[in-house]
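Below are the chains, spelled out letter by letter.
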Amino acid sequence: MFKKKQESKDKRFKETAVQTYHYGLVMVLIDKVTGVHYLHTWAPQGVTLTPLLDKHGDVVIDKNALET
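Everything numeric in this text was worked out from a predicted model, so none of it was measured. (Residues numbered from 1 in each chain as written. Predicted model: local features only at pLDDT ≥ 70, side-chain atom pairs only at ≥ 80, totals over all residues. Heavy atoms only, no water.)

Asker: Explain the pairing of strand 2 (residues 24-31) to me, and be specific about the residues and the numbers.
Answerer: In terms of burial, strand 2 is largely enclosed, as six of its eight residues are buried. Two strands pair when backbone bridges link them, and strand 1 (residues 13-21) and strand 2 are joined in this way by eight bridges, in the antiparallel orientation. When the sheet's bridge partners are listed, Lys 14 is paired in strand 2 with Ile 30. Taken together, strand 1 and the strand that follows it, strand 2, pair antiparallel across an intervening segment of two residues, in which His 22 is found at a positive phi of about 50°. Inspection of the sheet shows strand 2 paired to strand 3 (residues 37-43) by six bridges, in the antiparallel sense. Following the sheet pairing, Ile 30 is matched in strand 3 by His 37. (Buried < 20%, exposed > 50% of the residue type's maximum accessible area, 1.4 Å probe, protein only. Helix = DSSP H or I, 4+ residues; strand = E, 2+ residues; numbered from the N terminus. Pairing = 2+ DSSP bridges.)

Here it is in structure tokens:
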């Protein structure tokens, strides 16, 4: 009747850094399919998700994080 939750290895995103900040959370997520890093924030006022940029304004992509 109820299906078992997916195992963690089936998750598309991997959390690499998590910090609490006042009443919210700030974390960096890596998409294991594309290698793109995202900055994810959560607070009582709302949630944001944006690609993480390097010092040149380019999207941070980690090709080593890609699943095969």
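Asker: Go over the pattern of salt bridges with me, naming the residues and quoting the values.
Answerer: Note on pairing: side chains with opposite charge can pair once their charged atoms come close. On inspection of all chains with the given rule, the structure shows one salt bridge. Across the pair Arg 12 and Asp 31 runs a salt bridge, and its minimum N-O distance is 2.8 Å. Residue Arg 12 is found in the segment before strand 1, and its partner Asp 31 is found in strand 2; the two are separated by 19 residues along the sequence. On the basis of relative accessible area, Arg 12 is assigned to the partly exposed category, the value being 41%. The class for Asp 31 is buried, based on a relative accessible area of 3%. (Salt bridge = Lys/Arg side-chain N within 4 Å of Asp/Glu carboxyl O.)

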